[in-house]
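# Results of the structural survey
Here is how the chains run, residue by residue.
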Amino acid sequence: MFFLLAGAGAYLAVARGRSLPQVSHFFWTRGLWLVFLELTVLRFAWNFTFASVGLMQVIWALGWSMVAMALIVKLPVRWIAALGVVTIVFHNLLDAIDPALLGNFSGLWMVLHSPGLVSITPGMSFFVAYPLIPWIGVMAAGYAMGALLDRNDRRKWILGLGVALTLAFFVLRAINLYGNGKASSSFFLPSTVGPWKVQPSLTLTIIAFFDTLKYPPSLDYLLMTLGPALIVLACLGGVAAERGPGRILLVFGRVPLFYYVLHILLIHALAIFVGMLFHEPVSWLWHGGFLLHPPPAGYGHGLPFVYLMWCIALLILYFPCKWYMAFKHRHREWGWLSYL
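Residues numbered from 1 in each chain as written. Predicted model: local features only at pLDDT ≥ 70, side-chain atom pairs only at ≥ 80, totals over all residues. Heavy atoms only, no water.

## Let's talk about the sheet that holds strand S1 (residues 54-56)
The sheet built from three strands is open, its strands ordered S1-S3-S2 with mixed pairing. One side of each edge strand has no neighbouring strand; the edge strands of this open sheet are S1 and strand S2 (116-121). Averaged over neighbouring strand pairs, the angle between their axes works out to 25° when direction is ignored. Two strands pair when backbone bridges link them, and S1 and strand S3 (residues 124-128) are joined in this way by three bridges, in the parallel orientation. Counterpart to methionine 56 in the pairing with S3 is valine 128. (Pairing = 2+ DSSP bridges. Helix = DSSP H or I, 4+ residues; strand = E, 2+ residues; numbered from the N terminus. Axes fitted to C-alpha atoms, helices over the stretch in contact; angles between N-to-C directions.)

Given below as structure tokens:
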């Protein structure tokens, strides 16, 4: 939804009076800014060091997708819609291309479609977790979807689209022939790739059915996530944001990038603090790379405790986010705040 609504927001900006050159300029400048944040601030937030392998994740992919959209927005909306839908539906046909067979171009293919470790120099490398091709397609589709959001009957259209995508997921997943990648297409969790299989119990079979590939995002994964999310979006369209839970959600929704950067720093610090509190090994959390390696013996907590930490993190982050939301509102003339 980050990618889909980033595209939709750009369309709405044009519909409300911004010129295409203005939106294109905002896309490429903001996109490069996000890439810079991923390489610096967020790399440190995840690792607490710059010595480890850089992990290129969602902000990096959002950034380059925006740079691509700076060119794509100049196309007719129908072409952009076709580009987005075709990319989402058919990008899994590229899964058979193994980066190892591409020689000097293997790193480029990892950036575009197949996750993997890209070495720049013997001492500099980064791991691409979010390849760009499918995510650019999602953002392009979101731009075209902005035309639906600009209609008076938008809730009906968004609800119908969400239901259609959700049903398409169940049909495609049940057919079990296409839509969830191949073994060569993902470095992560090879057990999630390809068709699902009947397991020893009903519970495990249901888990296998919904265990779709995110790196890169398979067609199954995108249908499974975007469909229900659009249904929720349609339902939230009638909720008053000035009171109750809507008011709380509005705080996080108004400052999403500010929230994202802070929450990585906070959960990393909380992990170290809680580990020390419970006399668990924490030295591994200071040296980065923990996303690519299993935790050491003696570290970890049950799911209820993890949910408790999640609630505590949200509670802590609500207050700086509320302050920053009000700060941005008071200083609307400061255009550069839109980059934060």
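## As for unusual backbone geometry
The omega torsion across tyrosine 215 and proline 216 is -5°, close enough to zero to call that bond cis. Look at histidine 279: it is not a glycine, yet its phi comes out positive at around 55°. Examined against the element boundaries, histidine 279 turns out to sit in the loop between helix H12 (256-277) and helix H13 (303-330). Assessed through its relative accessible area of 74%, histidine 279 is described here as exposed. (Buried < 20%, exposed > 50% of the residue type's maximum accessible area, 1.4 Å probe, protein only.)

## Topic: helix H7 (residues 132-149)
Between the first and last C-alpha of H7 there are 25 Å, a value that for 18 residues agrees with the 26 Å anticipated at 1.5 Å per step. A bend of about 25° at tyrosine 143 is the largest found in H7. Burial of H7 is extensive: 15 of the 18 residues sit out of reach of the surface. (Expected span 1.5 Å × (residues − 1). Bend = angle between axes of the 7 residues up to and from the residue.)

## A few points about the packing of aromatic side chains
A full pass over the atoms with the stated rule returns 27 aromatic pairs. A centroid spacing of 5.7 Å and a plane angle of 40° characterise the contact between phenylalanine 48 and tryptophan 286, whose relative ring orientation is tilted. Separated by 238 residues along the polypeptide, phenylalanine 48 in the loop between helix H3 (41-47) and S1 and tryptophan 286 in the loop between H12 and H13 bring together distant segments of the chain. Taking 5.5 Å as the distance between ring centres and 85° as the angle between the ring planes, the aromatic pair formed by phenylalanine 278 and phenylalanine 305 counts as edge-to-face. You can see phenylalanine 278 sitting in the loop between H12 and H13 and its partner phenylalanine 305 sitting in helix H13, a full 27 residues away along the chain. Each residue in the set Phe258, Trp323, Tyr324, Phe327, Trp334 and Trp336 is aromatic and connected to the rest through ring pairs, giving one cluster. (Phe/Tyr/Trp six-rings, centres within 6.5 Å; stacked < 30°, edge-to-face > 60°.)

## Observations regarding helix H9 (residues 202-210)
When H9 is considered as a whole, its buried residues turn out to be Thr205, Ala208 and Phe209. Seen along its axis, H9 keeps its buried residues to an arc of 105°; they face one direction. (Arc of directions from axis to C-beta.)

## Focus on the side chain of histidine 91
Assignment of secondary structure puts histidine 91 in the loop between helix H5 (77-90) and helix H6 (106-112). For histidine 91, a relative accessible area of 3% corresponds to the buried category. A distance of 2.8 Å separates the side chain of histidine 91 from the backbone oxygen of proline 217, its partner in a polar contact. Once residues lying within four places of it in the same chain are set aside, the contact partners of histidine 91 are Val86, His113, Ile133, Pro134, Tyr178, Pro217, Ser218 and Leu219. (Polar contact = N/O pair within 3.5 Å; in protein donor to acceptor, adjacent residues only side chain to side chain. Contact = heavy atoms within 4.5 Å.)

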